[in-house]
Amino acid sequence: MGYLGAFLFLLGALGALAEICEIPEVDSQLVEKLGQRLLPWMDRLSLEHLNPSIYVGLRLSSWQAGTKENLYLHSLKLNYQQCLLGSASSGHNSHCQAKPSMGQLALYLLALRANCEFAGSHKGDRLVSQLKRFLEDEKRAIGHKGHPHTSYYQYGLAILALCVHQKRVHNNVVDKLLYAVKHEQHLHQGHLSVDTVAMAGLAFTCLERSHFNPSLRLQITTAIGTVQEKILKAQTPEGHFGNVYSTPLALQMLMASSTSYLELGTACLKAKAALLASLQNEVFQNTLVISQLLPVLNHKTYIDLISPDCLAPRVMLGPATETFSLTSEIISVTLKVLSIFPPYKQSIFVLAGSSLEDVLKMARELGGFTYETQASLSGPYLTSVMGNEVGEREFWQLLRDPDTPLLQGIADYRPKDGETIELRLVRW
């Protein structure tokens, strides 16, 4: 055969063995039910409740919400442009209690691309400039403090959003994310943050496909491989990548990659089986996670926003059905806060099916307990408990006794009768 023939044969054999990440079809009724959970949120059109990821998820799915989608996009444009750019006549945006964060602005730009729009108008260019300023501020924070003001998740999301709009970012901005992936301690909060590395991988994949930052091409390609390896190593025995809620974004990253691994196809099939079980058990309630999962179930990823297909046929969603219904049954949940003085511990009685946020509200109504929240990409999170505000690199961790961290936020987790929930101020 000769050396050349043997080498070509070996390459062919390896290519045959190499696998890509493919997710087989899932029962359409399960997928429709998942999409229906977004519909009630599309009726909440105030800036506080608007979530661009909902629009992105639906546009990349096989389902549509008809005129409700158009109204939602209109509300996104109206609120985000007025709040971030201000009124042309007044020159300010006093009607906004808080400006959208870097991550929210990035998701808004993804929503525009999901509608096949480029940020090319005067207002669009100003929003792009605003996002670039956010990134520059975060780059300086990383240089001074070793970490961004927000998170590397939002940092990667911002790079991705600019990339799908064909907007370049400086090499030194990309360099910070490359360094963070290579030196993984910057992506940890005691454990690997799978959704953070997955978002970084999606940003790198977009840069690679768009041929941006050519002088960093080798480092970007290497980083994509590193991200894939980290995600695959994070797969649990059940099949999830990290946990059930980080799996959709991890799958987007693996599906978007052009690199093949011998174990990739098997890992993705295992993840699909785990997702199917979670769908059947109605595990997914958070709008951000649902909006990341719907594209996966339609064989799409955020990378498809480079060249979105806005004419692809999509089926109309049926009316939304109530996933959780409150009953007349009363349950007892013990709420405790031990990381303050004096410590707080109280049994709270609420209706079965109530969220942890409902428990906190009831505790506040009873007196002796206070808390504050702030909106985030994945829902409200605690910023203050009993007057104790989170400091730099601190957060209020939610735990179920004896010492089990909750994977869901206060709006999504629904305690069971007799559970004890601890709010613990921790530093990372």
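Structure shown above.
Everything numeric in this text was worked out from a predicted model, so none of it was measured.

For the rest of this paragraph, the subject is the pattern of salt bridges. In the structure shown here, the tally under the stated rule is 11 salt bridges. Two residues, Asp-43 and Lys-68, come together in a salt bridge whose shortest N-O distance is 3.2 Å. Taken together, the residues Asp-43 in the loop between helix H2 (28-36) and helix H3 (52-59) and Lys-68 in helix H4 (residues 67-85) connect sequence positions 25 residues apart. Owing to a relative accessible area of 52%, Asp-43 belongs among the exposed residues under this scheme. Since its relative accessible area comes to 26%, Lys-68 is described here as partly exposed. Close ionic contact of Arg-424 with Asp-403 constitutes a salt bridge, the shortest N to O distance being 2.9 Å. Highlighted residues: Arg-424 in strand E10 (residues 420-427) and Asp-403 in the loop between strand E8 (394-400) and strand E9 (404-405), separated in sequence by 21 residues. Given a relative accessible area of 24%, Arg-424 falls into the partly exposed group. Salt bridges sharing common partners tie together Arg-59, Glu-69 and Arg-314.

A few words on the nonpolar core. Formed by 109 residues in total, the largest nonpolar core has its most connected members in Phe-204, Ile-231, Phe-241, Leu-251 and Phe-284. If near-sequence neighbours (up to four positions away) are discounted, Leu-251 is found in contact with Cys-21, Ile-23, Phe-241, Cys-268, Ala-271, Leu-275 and Val-296. Judged by nonpolar contacts, the second largest core, of 24 residues, contains Ile-331, Ala-363, Ile-421 and Leu-423.

So, on to the side chain of Gln-104. Note on placement: Gln-104 falls in helix H5 (residues 102-114). What makes Gln-104 buried here is its relative accessible area of 16%. Contact partners of Gln-104, with chain neighbours within four places excluded, come to Pro-52, Tyr-80, Lys-99 and Leu-377.

Turning next to the state of the cysteines. A covalent bond between the sulfur atoms of two cysteines is what we call a disulfide. Scanning all chains against the criterion turns up 3 disulfides. Bridging Cys-116 to Cys-310, the disulfide has an S-S length of 2.0 Å. Looking down the S-S bond of the Cys-116 and Cys-310 bridge, the torsion is 110°, so its handedness is right-handed. Placement of Cys-116 in the loop between H5 and helix H6 (122-145) and of Cys-310 in the loop between helix H13 (287-297) and strand E2 (315-316) is noted, with a sequence separation of 194 residues between them. The disulfide partner of Cys-163 is Cys-206, and the S-S distance across this bridge is 2.1 Å. Taking the sign of the S-S torsion, -95° for the link of Cys-163 and Cys-206, the bridge is left-handed. A residue pair is termed long-range when its members are at least 10 positions apart, and Cys-163 in helix H7 (residues 152-164) and Cys-206 in helix H9 (residues 194-209) qualify at 43 residues. Accessibility classification places Cys-163 together with Cys-206 in one group, the buried group.

Time to look at the packing of aromatic side chains. Following the criterion strictly, the structure yields 5 aromatic pairs and no others. Ring centres of Tyr-80 and Tyr-108 lie 5.0 Å apart, and the angle between their planes is 15°; this geometry places the pair in the stacked category. Here Tyr-80, found in helix H4, pairs with Tyr-108, found in helix H5; they are 28 residues apart in sequence, far enough to count as distant. Look at Tyr-108 and you get buried, because its relative accessible area is 0%. Ring geometry for Tyr-152 versus Tyr-155: centroids 6.3 Å apart, planes at 70°, classification edge-to-face. One end of the pair is Tyr-152 and the other is Tyr-155, both in helix H7 and 3 residues apart, which spans about a single turn. Each member of the aromatic cluster is reached from another via a ring pair, and the members are Tyr-344, Phe-369 and Tyr-371. When the ring centre of Trp-41 is taken as reference, the NZ or CZ atom of Arg-44 above it lies at 4.1 Å. Above the face of the Phe-118 ring, Arg-113 is positioned so that its terminal group lies 3.9 Å from the ring centre.

Conventions we followed
- Residues numbered from 1 in each chain as written.
- Predicted model: local features only at pLDDT ≥ 70, side-chain atom pairs only at ≥ 80, totals over all residues.
- Heavy atoms only, no water.
- Salt bridge = Lys/Arg side-chain N within 4 Å of Asp/Glu carboxyl O.
- Helix = DSSP H or I, 4+ residues; strand = E, 2+ residues; numbered from the N terminus.
- Buried < 20%, exposed > 50% of the residue type's maximum accessible area, 1.4 Å probe, protein only.
- Core = buried A, V, L, I, M, F, W, Y, C linked by side-chain atoms within 4.5 Å.
- Contact = heavy atoms within 4.5 Å.
- Disulfide = S-S within 2.5 Å.
- Phe/Tyr/Trp six-rings, centres within 6.5 Å; stacked < 30°, edge-to-face > 60°.
- Lys NZ or Arg CZ within 6 Å of the ring centre and 35° of its normal.

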